[in-house]
Amino acid sequence: GKMAEPVKLIGTLASPFVHRAAAALRLKGVPYELILEDLQSKSELLLKHNPIHQKVPVVLHGDRAICESLVIMEYIDEAFDGPPLLPTDPYDRATARFWAQFLEQKCSRPFWLAMWLDAGEEQKGFVKEMKENLALLEGQLQGKKFFGGDSIGYLDVAACGSAHWIYAFEEVTGVSLMGENEFPALRRWGKEYTENESVKECLPARVQLVALFSAMKDKYKMITNGMLHQKKNN
Amino acid sequence: SVPASPKQRKDRIMAGEKKGLVLLDFWVSPFAQRCRIALAEKGLACESLEQELLGDKSDLLLGSNPVHKKVPVLLHDGRAVCESLVILEYIEDAFPGAAPRLLPADPHARAQARFWADYVDKRVYSCGTRLWKLKGEGRAAARAEMLETLRTLDAELGDRAFFGGEAFGFVDVALIPLTSWFYSYEKHGGFSVEEECPGLAEWARRCGERESVAKVLTPPEEVHDFICLLKKHYGVE
């Protein structure tokens, strides 16, 4: 049957978006082959299966290609048996989807700008904005072990950036978002998340991420500061 | 903040206690229209509460959607669901007996639908906004991006009746309200959807024959007038 067809994940080791797909597969108990992609020189396989965005992750299930990490996670939940990633209650599902979208729409850009902009009023503004976003996420945890309750699920995986990647970025840039005593629930949740058996198997080590971001630091800063000035001129 | 007026307090209380469906709405919002079309297709009764967006937002809206402060918000027995595509999925999940289903049964087909609805969300409205807000190089870039987006959607549709295949579905609902904005985009960008993407233009007409769509969509000239109003509001020439 369909479930038995081979699964491949096209991705990189450092991407939190690829991690979302890998963690979802592992939590669901689905074996897969990881095909590493060089984003500086994209493969025919990637371009064939994700012509629109030309990005990782892409999941290949038999001859079917699925793109966009959140879409991939829902696909994995629906195509395979195993513990559910999304809650079963419709309202809880809507809540999980809402907060996953929040991460994309409200967090991606301010996070990047907070990290890489040259120090100044603008950069401070984005730090403030990101802290407000983190406070909202903190509020969603409300003393629960995971966003959905006792079990790890869709939103935890979607929010993996806040569990792990954020600390690597802070180390490289010196920009503090999580702080020492701020967001205790998020810190505790981050530990629970990164210590999960399935998650550990596909989580890049922090030292690896730090090394990668350090190497890219000058390039990221140049692009980011250039981006903002371009936007202003428009 | 300004204390709630008696009417606002009443609205909030009534919506909070109200059984059934209430949509926090705005007459020209293509995102709210997605929800109204889906509800109408499924024959689900829903009260529409028109919101003031350019002036002071109601306590009900701010309380129901504190994160984004935007419409649409679907209140179901007083509980708020925000973000139009999340609302569409919620309607599917919460009313499993309500036909027609907007998403197909097959997981890969569902993934395709979600992918393209996400593409529409990322590519159409914000690009369109840049088209009327910006001038010179900014507008030219937005025009090029809009044409690429429309051509991509046209190619994806192919010779099928709907993005959902033979049946009107999730992607069709996501995109159709935005077609009311095409007229203004055409005027600002100097292009014609009919000429560039005749298949997409034909699809829009086909969708427009559905009662749910015909009743909900804003006439394109009215959208254009609204955009001209927004331009004044933002001080754009």
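Just so we're clear, the structure is a prediction, and the values are computed from it rather than from any experiment. (Residues numbered from 1 in each chain as written. Chains lettered and ligands numbered in written order. Predicted model: local features only at pLDDT ≥ 70, side-chain atom pairs only at ≥ 80, totals over all residues. Heavy atoms only, no water.)

Here we look at the environment of Phe146(A)
Residues and elements named next belong to chain A. Examined against the element boundaries, Phe 146 turns out to sit in the loop between helix H5 (121–141) and helix H6 (154–158). A sequence separation of 39 residues divides Phe 146 from Ala 185, and the C-alpha atoms of the two residues are 9.7 Å apart. Setting aside residues no more than four positions away along its own chain, Phe 146 makes contact with Leu 141, Ser 151, Ile 152, Asp 156, Trp 189, Glu 192 and Tyr 193. (Helix = DSSP H or I, 4+ residues; strand = E, 2+ residues; numbered from the N terminus. Contact = heavy atoms within 4.5 Å.)

So, the sheet that holds strand E2 (residues 33–36) of chain A
Residues and elements named next belong to chain A. One open sheet accounts for 4 strands, arranged E2-E1-E3-E4; its pairing is mixed. Bordering the open sheet on either side are E2 and strand E4 (64–67), each of which pairs with just one other strand. Averaged over all pairs of adjacent strands, the angle between their axes in this sheet comes to 20°, without regard to strand direction. Bridging between strand E3 (residues 58–61) and E4 involves 4 bridges; their strand directions are antiparallel. The residue of E4 that forms the bridge with Leu 60 is Ala 65. (Pairing = 2+ DSSP bridges. Axes fitted to C-alpha atoms, helices over the stretch in contact; angles between N-to-C directions.)

Quick word on the UniProt feature "domain: GST C-terminal" (unreviewed entry) in chain B
UniProt marks residues 106–226 of chain B with the feature "domain: GST C-terminal" (unreviewed entry), using the numbering shown here. Structurally, residues 106–226 of chain B comprises 74% helix and 0% strand, and the distance from its first C-alpha atom to its last is 40 Å. (UniProt positions renumbered as here; feature names shortened; annotations may be inferred.)

Observations regarding the domain arrangement of chain B
By convention, interface size is frequently given as the accessible area that disappears when the constituent parts associate. Residues and elements named next belong to chain B. Domain annotation of chain B identifies domain 1 (6–94) and domain 2 (107–234). Between domain 1 and domain 2, the C-alpha centre-to-centre distance is 23 Å. Contact between domain 1 and domain 2 buries roughly 1,900 Å² in total, counting both sides, with carbon and sulfur atoms accounting for 68%. Among the residues domain 1 hides against domain 2, the three largest losses belong to Arg 34, Ile 37 and Leu 54. Together they make up 29% of the total. Applying the counting rule to domain 1 against domain 2 returns 3 salt bridges. For Arg 34, the salt bridge goes to Asp 121, with nearest N and O atoms at 2.8 Å. When contributions to the side of domain 1 that touches domain 2 are tallied by element, the ones reaching two or more residues are helix H2 (30–41) and helix H4 (84–94). The greatest single-element share of the side of domain 1 that touches domain 2, amounting to 9 residues, is contributed by H2. Looking at the side of domain 1 that touches domain 2 residue by residue, the classes come out as 11 nonpolar, 1 polar and 4 charged. (Domains from an automatic or database assignment. Buried area = accessible area lost by both parts, 1.4 Å probe. Salt bridge = Lys/Arg side-chain N within 4 Å of Asp/Glu carboxyl O. Nonpolar A, V, L, I, M, F, W, Y, C, P; charged D, E, K, R; others polar.)

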